[in-house]
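# Overview (structure and organization)
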Amino acid sequence: MIDHQGRDAREALIAVLSTAASVGIDIDLLCHLAAEELLSDDVREDVRPYAAGAIYQIGVCMDSVKWPDLL
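Attention here is on the structure that accompanies the text.

## Thoughts on the pattern of salt bridges
What the rule picks out here adds up to four salt bridges. Across the salt bridge formed by E11 and R7, the nearest N and O atoms sit 3.1 Å from each other. Residue E11 and its partner R7 are both found in helix α1 (residues 4–22); the two are separated by four residues, about one turn of the helix. Of the residues examined, E11 reaches a relative accessible area of 36% and is grouped as partly exposed. The residue R48 makes a salt bridge to E45 at a minimum N-O spacing of 3.3 Å. According to the relative accessible area criterion, R48 is partly exposed, its value standing at 33%. Residue E45 is classed as exposed on the basis of its relative accessible area of 59%.

Rules used throughout
Here the residue index of a chain counts from 1 through its sequence in written order. Totals for whole chains, interfaces and linings use every residue, but because this is a predicted model, local features are given only for residues with pLDDT of at least 70 and side-chain atom pairs only at 80 or more, for both listing and counting. The side-chain quantities take in all heavy atoms of the structure and omit both hydrogens and water. Salt bridge, as applied in this entry: a Lys or Arg side-chain nitrogen positioned within 4 Å of an Asp or Glu carboxyl oxygen. Secondary structure elements follow DSSP: runs of H or I no shorter than four residues count as helices, runs of E no shorter than two count as strands, and numbering proceeds from the N terminus. Buried residues are those whose accessible area, probed at 1.4 Å on protein chains only, stays under 20% of the maximum for their type, while exposed residues exceed 50% and partly exposed ones sit between those limits.

In structure tokens form, the structure reads like this:
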């Protein structure tokens, strides 16, 4: 079964990262900072169980923006 919300979220993140890259933002840095934020002690308790999966998805989306021909 397709997870439509997950797919929607992934496509939204890819669009955001693509736009950021097109205006000159370093998406490697942006994604690493986002991952650090998810791993920080300041992250909400209800988000904490999803941090590892979120970081994985950030990496997948970053790679699809950087290397679109590989997907």
